[in-house]
Amino acid sequence: MNWVSAFRTVFPGLALCVAVALLAAMLQVLGQLVLGQSWLEALVIAILLGSLLRTLWALPDTWAPGIRCAAKGVLELAIALLGASISFGAIADAGLPLLLAIVVTVSGAIAGSYVLGRAMGLSSRMAMLVACGNAICGNSAIAAIAPVIRAESEDVAASIAFTAVLGIVVVLALPLVAGLLDLGPVAGGILAGLTVYAVPQVLAAAGPMGGMAVQVGTLVKLVRVLMLGPIVAGLSLLMIGRKNAESHARDLARGSLVRLVPPFIVAFLALASVRSLGLMPEQAAHVAHTASGGLTVIAMAGLGLGVDVRSIWAAGPRSVFVVTASLLLLGTLAYAAMRLTGLA
């Protein structure tokens, strides 16, 4: 199949994903104008719109290849470009106690949430999506991990939807919790950075505690996002090891990183390294970050268009409970880590 015929095959479904993504972006802007700030990001709106459309309308079979292309190929490209917005230098700037608190919180939350999810009967993939989504960076973590662990579209859509909605509750509750714990601006900002899953929402949660809380919370959140790279790479190695341990060992002996880790993860780490070494102009990094955000919204539309809302609803109660318990676990671990490292 040549490029022209391939383009014709994917164009209808891909064009629909782009249209849904544009509508989601417009609704996000409208929400900002009406409510003063956006409580739901465009990528969450896109997956909800796509799922609603898929449930109410039987899409033509000829559109399926384009929708799959958006949900997989476009998503992987978006993840690769995300690496350009990450600088490993932020780790050194954070300081050892804070780094220790972040590592303990993230790793403990992932392990605990995964065990909880499995105990509640969630599939291993769904449990991992929820665990990493809450522990690292919500939608971005779920989107990055989904292709690595070969998660089903229904699991991705459900985990993003539930995590996003309950994440709003965390934003509203965190200033109150910080007050009850008698945390100052710096400690309150650290708690926000350790628990809230998206940078814009960190700003909203830390804002009532003052400018210092916003600055500290943003730094902590950005360092926390850096955990995504090694965790995704580690999960990739684990999945490949389960699939074919002998082949994996041969590839490891040969030092073939491309065989061990999917190409888009290699590209992610490569761009992050280039950015960290100061070899990437800020303008280029900004363009890559913007492109990654736009492509992620298109990919989420593709994921949504492959999901029937009724299948998500069937798994709803258990998933809501696990996401809620996972968030409580994350908050508890964050505060405990802050106490142990003298940050609270």
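No experiment lies behind these values; they were computed from the predicted model shown. (Residues numbered from 1 in each chain as written. Predicted model: local features only at pLDDT ≥ 70, side-chain atom pairs only at ≥ 80, totals over all residues. Heavy atoms only, no water.)

### Some remarks on the nonpolar core
To keep it simple, the criterion reads: Here, nonpolar core means buried Ala, Val, Leu, Ile, Met, Phe, Trp, Tyr and Cys residues that are tied together by side-chain atoms lying within 4.5 Å of each other. Burial classification: accessible surface area is computed with a 1.4 Å probe over protein chains only, and a residue below 20% of its type maximum counts as buried, one above 50% as exposed, and the rest as partly exposed. Working rule for contacts: check all heavy atoms of both residues, and any pair within 4.5 Å makes them a contact.
Membership of the largest hydrophobic core comes to 95 residues, with the highest contact counts inside it found for I110, I136 and M300. In this structure M300 touches L43, A46, I47, L75, A143 and I160, once residues within four positions along its chain are discounted.

### Remarks on the environment of A158
Quick note on the threshold: Strands here mean DSSP runs of E at least two residues long; helices mean DSSP runs of H or I at least four residues long; both are numbered from the N terminus.
Of note, A158 is situated in helix α8 (residues 153-180). Here the alpha-carbon distance between A158 and V130, two residues 28 residues apart in the chain, equals 9.2 Å.

### Here we look at the environment of N134
In this fold, N134 is placed in helix α6 (residues 124-137). Spatially, the C-alpha atoms of N134 and V196 are 8.2 Å apart, while their sequence positions differ by 62 residues. Leaving out residues up to four positions away in the same chain, N134 has contacts with T163, R224, V323, S326, L327 and L330.

### Structural notes on the packing of helix α1 (residues 3-35) against helix α16 (residues 282-305)
Here is the rule: Lines fitted to C-alpha atoms define the axes, with helix axes restricted to the stretch in contact, and inter-axis angles between N-to-C directions lie between 0 and 180 degrees. Here is the rule for angles: anything less than 35 degrees is roughly parallel, anything more than 145 is roughly antiparallel, 65 through 115 is roughly perpendicular, and the remaining ranges are oblique. In this scheme the handedness of a crossing depends on how the near helix is turned from the far one: anticlockwise by less than a right angle means left-handed, clockwise means right-handed. Under this grouping Gly is polar, as are all residues other than the nonpolar Ala, Val, Leu, Ile, Met, Phe, Trp, Tyr, Cys and Pro and the charged Asp, Glu, Lys and Arg.
The interhelical angle for the contact between α1 and α16, taken along N-to-C directions, is 110°, at an axis separation of 8 Å. When the interaxial angle is binned, α1 and α16 end up roughly perpendicular. Like other packed secondary-structure pairs, α1 and α16 cross with a definite hand, here right-handed. Contact residues: α1 offers L16, C17, V18, V20 and A21, while α16 offers V297, I298, A301, G302 and L305. Residue composition of the contact of α1 with α16, grouped by class: 9 nonpolar, 1 polar and no charged.

### Here's the deal with the packing of aromatic side chains
The condition is simple: Here a Phe, Tyr or Trp ring, Trp counted by its six-membered ring, pairs with any other such ring whose centre lies within 6.5 Å, and the pair is stacked when the planes are under 30 degrees apart, edge-to-face when over 60, and tilted otherwise.
Applying the stated criterion across every chain, the model contains 2 aromatic pairs. Relative to F11, the ring of F7 lies with its centre 5.4 Å away and its plane at 45°, an arrangement referred to as tilted. With a gap of 4 residues between them, F7 and F11 both fall in helix α1, about one helical turn apart. Taking the relative accessible area as the measure of exposure, F7 reaches 51% and is therefore exposed. Ring centres of W57 and W63 lie 5.5 Å apart, and the angle between their planes is 90°; this geometry places the pair in the edge-to-face category.

### Describing helix α2 (residues 42-56)
Operational definition: Helix span, as expected, comes to 1.5 Å for every residue beyond the first.
In a regular helix each residue adds 1.5 Å, so 15 residues correspond to 21 Å; α2 covers 21 Å between its end C-alpha atoms and thus fits that length. Along α2, the positions that sit buried rather than exposed are A42, L43, V44, I45, A46, I47, G50 and S51.

### Notes on the confidence of the model for the chain
Here is the rule: pLDDT runs from 0 to 100 and stands for how confident the predictor is about each residue.
Looking at the chain, the pLDDT average stands at 81 and 84% of residues meet or exceed 70. The lowest-confidence element of the chain is helix α14 (residues 257-260), averaging 44 in pLDDT; the highest-confidence one is helix α5 (residues 96-119), averaging 91. Across residues 251-260, where pLDDT falls below 50, the model places 12 contacts with residues more than four positions away in sequence or in other chains.

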